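Each chain, letter by letter, is given below.
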Amino acid sequence: MTLDLAIILPTLNERGNLAPLVERIEGALGAEGWEVLIVDDDSKDGTADEGRELARSDRRVRVIQRIGRRGLASAAIEGFCATAAPYVAVMDADHQHDPALLAGMLAALKAGEADICVASRFAEGASTADWAEPEREKLSGLANRIARGITGVELTDPMSGYFMLPTSVARALVPRLSGIGFKILLDLLATADRPMTVKEFPLNFAKRREGESKLDRAILFDFLAGLYDKTLGRVIPTRFALFGTVGALGVIVHYAVLATLFPVMTATFWKAQLGAVLVAMTFNFWLNNWLTYRDKRLKGAGALIGGWIGFVLTCAVGGFANVAVATLLQSQGLFWPLAALAGILVGSVWNYALSSRFVWGRF
Ligand SMILES: Nc1nc2c(ncn2[C@@H]2O[C@H](COP(=O)(O)OP(=O)(O)O)[C@@H](O)[C@H]2O)c(=O)[nH]1
Ligand SMILES: [Mg+2]
């Protein structure tokens, strides 16, 4: 029997969930015609090793281990490009997605019933009763409404992480996908030149079998970042826009601290200003670590202190560049607010490039 379907399992610490899931997939699809592609982002629990162990005795299982990279969306893209199967599904490895739907999805695609099949937590007949996370359910409802507006596709669950489509269609869209955030389905739908036809499959969304969820409250933020990336991101890169926004908030923090400190230390403006600079830098470091680089987030006292020092040093250099450029331009006769703006721009690009490289280890 030839290979029909690849099931991509993006994984992060899912060691114990792999073997039982492969078994369930076999139960749903039979022994042949499919392969499982585990795309693991260098999990610390040995998920990739476990996958390779399975693969030694089961040729239907393959592992892609990625080093220094993170992200559900980019893991799915990796999978699209690494399989020879004409159809490809993406699903969670934690057993929240029932493999029993796979056969029906595949049959619907082969029969040409739709361009893409999506398992929906909110379609008629679906259930999230076992999910037991009411807060997450509410968030999904809100995000769904926004998503429907963008893609122009009527979907009950555009944030679903469980779907199937022809691999050639997915691969054709890859060069234009944004690949950030968690919502690869939304990315695919929004990137397609004409609205895709969708067939929904009601899903009984289960509790995760083992391990813990990697998503946190910032999921809505991820979603908004994805929207930005699809629209204005072409003009100003998303990460830089975030970095800049965080910087602008830092200015507000700076003034707030200065306004508090200065009245009580009037004689020494420079102390108040220095205090405000340090607080604003710390705030910017924290917020960038939490949002801008959430996929590379530094954790633990050592990493945080090291990162903070790196960030402060980087900003010191950026500040120097800022003043140098602004002074030069102003002395050449440029209107002072414009000279200041040029300084700020040069300083922030510099800070962005350097901290990206040296604090959060990008590139
Ligand atoms: N490769 C990869 N997989 C990830 C990443 N984040 C989450 N996953 C996997 O994506 C799936 C969904 O993540 P999960 O934490 O269960 O999200 P939730 O179901 O929304 O709580 C699981 O199989 C995770 O192991 C990541 O950064 N890289
Ligand atoms: Mg999950």
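Anyway, here's the lowdown on the structure attached to this text.

What counts and what doesn't
- Residues numbered from 1 in each chain as written.
- Chains lettered and ligands numbered in written order.
- Predicted model: local features only at pLDDT ≥ 70, side-chain atom pairs only at ≥ 80, totals over all residues.
- Heavy atoms only, no water.
- Helix = DSSP H or I, 4+ residues; strand = E, 2+ residues; numbered from the N terminus.
- Buried < 20%, exposed > 50% of the residue type's maximum accessible area, 1.4 Å probe, protein only.
- Areas by Shrake-Rupley, 256 points an atom, 1.4 Å probe, with all protein chains shown as cover.
- Lys, Arg positive; Asp, Glu negative; His and termini not counted.
- Charge placed at Lys NZ, Arg CZ, Asp CG, Glu CD.
- Core = buried A, V, L, I, M, F, W, Y, C linked by side-chain atoms within 4.5 Å.
- Contact = heavy atoms within 4.5 Å.
- Pairing = 2+ DSSP bridges.
- Axes fitted to C-alpha atoms, helices over the stretch in contact; angles between N-to-C directions.
- Salt bridge = Lys/Arg side-chain N within 4 Å of Asp/Glu carboxyl O.

What follows covers the overall build of the protein. Along the protein, the regular secondary structure elements total twelve helices and seven strands. Buried residues in the protein amount to 45% of all 363 residues. Of the roughly 17900 Å² of accessible surface on the protein, a fraction of 63% belongs to carbon and sulfur atoms. Taking the average location of the 37 positive side-chain charges in the protein and that of its 36 negative ones, the two points are 7 Å from each other.

Formed by 32 residues in total, the largest nonpolar core has its most connected members in Leu5, Ile7 and Leu102. Among the secondary structure elements, those contributing two or more residues to this core are β1 (5-11), α1 (15-29), β2 (34-40), α2 (47-57), β4 (87-90), α4 (102-110) and β5 (116-120). Apart from residues no more than four positions distant in its own chain, Ile7 is found in contact with Ile25, Leu29, Trp34, Glu35, Val36, Leu37, Ala89, Met91 and Leu102.

Further remarks concern the sheet that holds strand β3 (residues 61-65). With mixed pairing, the seven strands of this open sheet are ordered in space as β3-β2-β1-β4-β6-β5-β7. One side of each edge strand has no neighbouring strand; the edge strands of this open sheet are β3 and β7 (198-202). Each neighbouring strand pair of the sheet contributes to a mean axis angle of 20°, computed without reference to strand direction. On the sheet, α1 packs against β1, β2 and β3 and is oriented at approximately 155° with respect to β2. Docked against the sheet, α2 engages β1, β2 and β3, running at close to 150° with respect to β3.

Applying the stated criterion to the full structure yields 17 salt bridges. Notably, a salt bridge pairs Arg62 with Glu35, separated by 3.0 Å at the nearest N-O pair. Taken together, the positions of Arg62 in strand β3 and Glu35 in strand β2 put the pair 27 residues apart, joining distant regions of the chain. Arg60 is the partner of Asp58 in a salt bridge, and the nearest nitrogen-oxygen pair spans 2.9 Å. This pair shows no difference in class: Asp58 is buried, exactly as Arg60 is.

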